[in-house]
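# Residue-level structural notes
Letter by letter, the chains look like this.
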Amino acid sequence: MTDLLIQSEENRSPRNAHVANRPIDFETWLSIAHDLDTELIKGVMVDRMAAHYPHEWIFAWLFALLRNYTRSLNRGIVLGSRTAVKIDRYGGRLPDILFVRADNSAIVRREAIYGAPDLVIEIVSPNDSRSEQIALETDYCSIGVSEIVFIDPQKKRVRLVRKNESDEYDDVTLTSGMLEFRTITGFHVEIEWIFAETQPNEFDVAAKLIQEAKSGAA
């Protein structure tokens, strides 16, 4: 028996695909895709959809906040949406935001991330289908990403997929309250801030969190 609810899904917004005479491997994709905003899915280069407000507004705010916090405390590396992550020989993804802990930084190379980031954040666009999100989540789970976050501006909710002590994944959907990351000690934001028309100043929020972290470590 299973509690899975399986439904058919209409393909609402097919993305353009770039197909070669054989499956494109990860290294080839890196070498030829510099001017294309694509991901590599099962050997096929697939265009990403153009991002619009509020996607970019949320991205800019959260990226600045995370980067300021982690750099000030030497927690690790925060990178943005043009950083490739190797999934397997024929797969590569471009997370909106990713974080790699300082003690895991060996996976960060000039060309791409070769290993599992500790945290990936994806901001859901209106045309992203559920099947595309599942495929994305499956890829991140397959390489062992500890925390996967889907931020949905349309539904104003955050889905957090997190690896547990048994190396299985639990997930929770949040519409209010606090969003905390286990992979970034001391970092937390209110869910409402993420979707607010006027978000709190990211530098003020970062400064407060940094002070709290330093006080806690004293």
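These notes cover the structure that comes with them. Small disclaimer: the values here were computed from a predicted structure and weren't measured.

### Focus: helix H3 (residues 130–143)
Here H3 spans 21 Å end to end across 14 residues, near enough to the 20 Å set by a 1.5 Å rise per residue. Turning to H3, its buried residues number three or more, namely Gln-133, Leu-136, Glu-137, Asp-139 and Tyr-140. Seen along its axis, H3 keeps its buried residues to an arc of 155 degrees; they face one direction. One or two steps after H3, the chain reaches Gly-144, where phi turns positive at roughly 90 degrees.

### Examining unusual backbone geometry
For Lys-42, which is not a glycine, the phi torsion comes out positive at approximately 55 degrees. When you line up the elements, Lys-42 lands in the loop between strand S2 (38–41) and strand S3 (44–47). Non-glycine residue Lys-156 carries a positive phi angle of around 50 degrees. Mapping Lys-156 onto the fold places it in the loop between strand S9 (147–152) and strand S10 (157–163). For Lys-156, a relative accessible area of 47% puts it in the partly exposed group.

### Details of the pattern of salt bridges
Scanning all chains against the criterion turns up 10 salt bridges. One salt bridge in this structure joins Arg-93 and Asp-139, with 2.9 Å as the shortest N-O distance. Note that Arg-93 is positioned in strand S6 (residues 91–93) and Asp-139 in helix H3, a separation of 46 residues in sequence. What makes Asp-139 buried here is its relative accessible area of 18%. Of the charged contacts, one joins Lys-208 and Glu-212 as a salt bridge, the two residues approaching to 2.6 Å between their closest N and O atoms. Of this pair, Lys-208 and Glu-212 both sit in helix H5 (residues 202–217), 4 residues apart, which is roughly one turn of that helix. A cluster of three or more residues bridged by salt bridges with shared partners is formed by Asp-37, Arg-48 and Arg-82.

### Re the sheet that holds strand S8 (residues 119–123)
Pairing in this open sheet of 6 strands is mixed, and the strands run S4-S7-S8-S9-S10-S11 from one edge to the other. A strand with exactly one partner marks an edge of an open sheet, and here the two such strands are strand S4 (76–79) and strand S11 (169–174). Put simply, the sheet's adjacent strands are angled 10 degrees from each other on average, direction ignored. Strand direction decides the pairing type here: S4 and strand S7 (residues 97–101), joined by 4 bridges, are antiparallel. Bridge pairing in S7 places Gly-76 opposite Arg-101.

### Quick look at helix H2 (residues 55–72)
In an α-helix, one full turn covers 3.6 residues, which means residues spaced three or four apart are oriented alike. Relative to the 26 Å expected for 18 residues at 1.5 Å per residue, H2 spans 26 Å between its end C-alpha atoms, a close match to the ideal helical length. The complete set of buried residues in H2 reads His-55, Ile-58, Phe-59, Trp-61, Leu-62, Phe-63, Ala-64, Leu-65, Leu-66, Tyr-69 and Thr-70. Of the residues trailing H2, Asn-74 is marked for its positive phi of about 55 degrees.

### Focus: the packing of aromatic side chains
In total, this model carries 5 aromatic pairs according to the counting rule given. Measuring from ring centre to ring centre gives 5.6 Å for Phe-26 and Trp-29, while their planes differ by 55 degrees; the resulting arrangement is tilted. Taken together, the residues Phe-26 and Trp-29, both in helix H1 (residues 26–32) and 3 residues apart, mark about one turn of the helix. Under the relative-accessibility criterion, Phe-26 is labelled buried at 1%. Looking at Trp-29, the relative accessible area reads 3%, which means it is buried. Geometrically, the ring pair formed by Phe-181 and Phe-187 is stacked, given 5.7 Å between the ring centres and 5 degrees between the ring planes. Phe-187 carries the same exposure label as Phe-181, and that label is buried. Members of the aromatic cluster, joined through ring pairs, are Phe-26, Trp-29 and Tyr-114. Across the ring face of Tyr-114, the terminal group of Arg-109 is positioned such that the distance to the ring centre comes to 4.5 Å.

Reading the values: the criteria
- Residues numbered from 1 in each chain as written.
- Predicted model: local features only at pLDDT ≥ 70, side-chain atom pairs only at ≥ 80, totals over all residues.
- Heavy atoms only, no water.
- Helix = DSSP H or I, 4+ residues; strand = E, 2+ residues; numbered from the N terminus.
- Expected span 1.5 Å × (residues − 1).
- Buried < 20%, exposed > 50% of the residue type's maximum accessible area, 1.4 Å probe, protein only.
- Arc of directions from axis to C-beta.
- Salt bridge = Lys/Arg side-chain N within 4 Å of Asp/Glu carboxyl O.
- Pairing = 2+ DSSP bridges.
- Axes fitted to C-alpha atoms, helices over the stretch in contact; angles between N-to-C directions.
- Phe/Tyr/Trp six-rings, centres within 6.5 Å; stacked < 30°, edge-to-face > 60°.
- Lys NZ or Arg CZ within 6 Å of the ring centre and 35° of its normal.

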